[in-house]
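Overview (structure and organization)
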Amino acid sequence: QVQLVESGGGLVQPGGSLRLSCAASGSIFRISDMGWYRQAPGKERDLVADITVDGITRYGDSVKGRFTVSRDNAKKTVDLQMNSLKPEDTAVYYCYMKAVRAGWGPREYDHWGQGTQVTVSS
């Protein structure tokens, strides 16, 4: 079984910074795309940032210039550095990975973490 565990969420003041981390474990053969999504109360889950195995990144319009996504293929982790945080960044942040499972054939499966709360408030 493949599991994703997020860490680093919490309470931060507007203009502050926070770093999220996600670690994958279990029967993973190869990870392709990795990234972060977020969901605020009453809103749909939206893309924050993702990164391909070759290091190509994509960001949601509202976080461009403020957030940076990175990955460590050896450690099977993906991080999200969040700077200049705003109250509207408050949401549950979910880690996402697309990977081939060891022993399950060549199909790529979508994997999601349990989510970590980020609250930006004075």
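A brief structural summary. Please read these numbers as outputs of a predicted model, since none were measured by experiment. (Residues numbered from 1 in each chain as written. Predicted model: local features only at pLDDT ≥ 70, side-chain atom pairs only at ≥ 80, totals over all residues. Heavy atoms only, no water.)

**Considering the overall build of the protein chain**
Convention followed: The way it works is that DSSP assigns letters per residue, a run of H or I at least four long becomes a helix, a run of E at least two long becomes a strand, and they are numbered from the N terminus. Using C-alpha atoms as the atom set, the radius of gyration is obtained and then compared with a globule rule of 2.2 Å times the number of residues to the power 0.38. Working rule for contacts: check all heavy atoms of both residues, and any pair within 4.5 Å makes them a contact. Only the protein chains shown count as cover for residues, and the accessible areas themselves come from Shrake-Rupley with a 1.4 Å probe. The charge count includes Lys and Arg as positive and Asp and Glu as negative, but it does not include His or the ends of the chains. By convention, the point assigned to a charge is CZ for Arg, NZ for Lys, CD for Glu and CG for Asp.
For the protein chain, the count of helices and strands is zero helices and 11 strands. Put simply, the protein chain runs from its N terminus to its C terminus through helices and strands in the order β-β-β-β-β-β-β-β-β-β-β. For a compact globule of 122 residues, the expected C-alpha radius of gyration is about 14 Å, and the protein chain comes in at 14 Å, within 12% of that figure. Viewed in the frame of its principal axes, the protein chain has a C-alpha envelope of about 50 × 25 × 25 Å. When contacts within the protein chain are restricted to residue pairs at least 6 apart in sequence, long-range pairs at least 24 apart make up 56% of them. Summed over its atoms, the accessible surface of the protein chain is roughly 6,700 Å², and 48% of this surface lies on carbon and sulfur atoms. For the protein chain, the distance from the average site of its 15 positive side-chain charges to the average site of its 13 negative ones is 2 Å.

**A closer look at the environment of valine 5**
For valine 5, the position within the fold is in strand β1 (residues 3-7). Taking C-alpha positions, valine 5 is 8.5 Å from serine 25, a pair spaced 20 residues apart along the chain. Beyond its immediate sequence surroundings of up to four residues, valine 5 is in contact with Ser21, Cys22, Ala23 and Gln114.

**Observations concerning the state of the cysteines**
Note the threshold: Any pair of cysteine sulfurs within 2.5 Å is marked as a disulfide. Remark: exposure states derive from per-residue accessible area (1.4 Å probe, protein chains only) relative to the maximum for the residue type, with buried under 20%, exposed over 50%, and partly exposed in between.
For the structure shown, the criterion picks out one disulfide. The partner cysteine of cysteine 22 in its disulfide is cysteine 95, sulfur to sulfur 2.1 Å. Residues cysteine 22 and cysteine 95 share a disulfide whose torsion about the S-S bond is about -85°; that sign makes it left-handed. With cysteine 22 in strand β3 (residues 18-25) and cysteine 95 in strand β9 (residues 91-101), this pair connects stretches of sequence that are 73 residues apart. Residue classification places cysteine 95 among the buried residues on the basis of a relative accessible area of 0%.

**Examining the environment of threonine 119**
Under the convention used in this document: In the analysis that follows, any N or O atom pair within 3.5 Å is treated as a polar contact, provided that within protein one partner can donate a hydrogen and the other can accept it, and provided that, for residues neighboring in sequence, both atoms belong to side chains.
Along the polypeptide, threonine 119 turns up in strand β11 (residues 116-120). On the accessibility criterion, threonine 119 (25% relative accessible area) is partly exposed. Linking threonine 119 and arginine 71, residues 48 residues apart in sequence, is a C-alpha distance of 24 Å. Among all residues touching threonine 119, those that are not within four sequence positions of it are Gly10, Leu11, Val12 and Thr90. Of the polar contacts made by the side chain of threonine 119, one reaches the side chain of glutamine 117; its length is 3.4 Å.

**What about the pairing of strand β4 (residues 28-39)?**
Going by this rule: Each pair of strands is called paired provided DSSP finds at least two bridges between the two strands.
Here β4 runs beside β9; their pairing, made up of nine bridges, is antiparallel. Looking at β9, one finds that tryptophan 36 is bridged to cysteine 95. Of the pairings in the sheet, the one linking β4 to strand β5 (residues 46-51) comprises five bridges and is antiparallel in character. Of the residues in β5, the one forming a bridge with tryptophan 36 is alanine 49. Linking β4 back to β5 in an antiparallel pair, the connection comprises six residues, with glycine 42 at a positive phi of about 80°.

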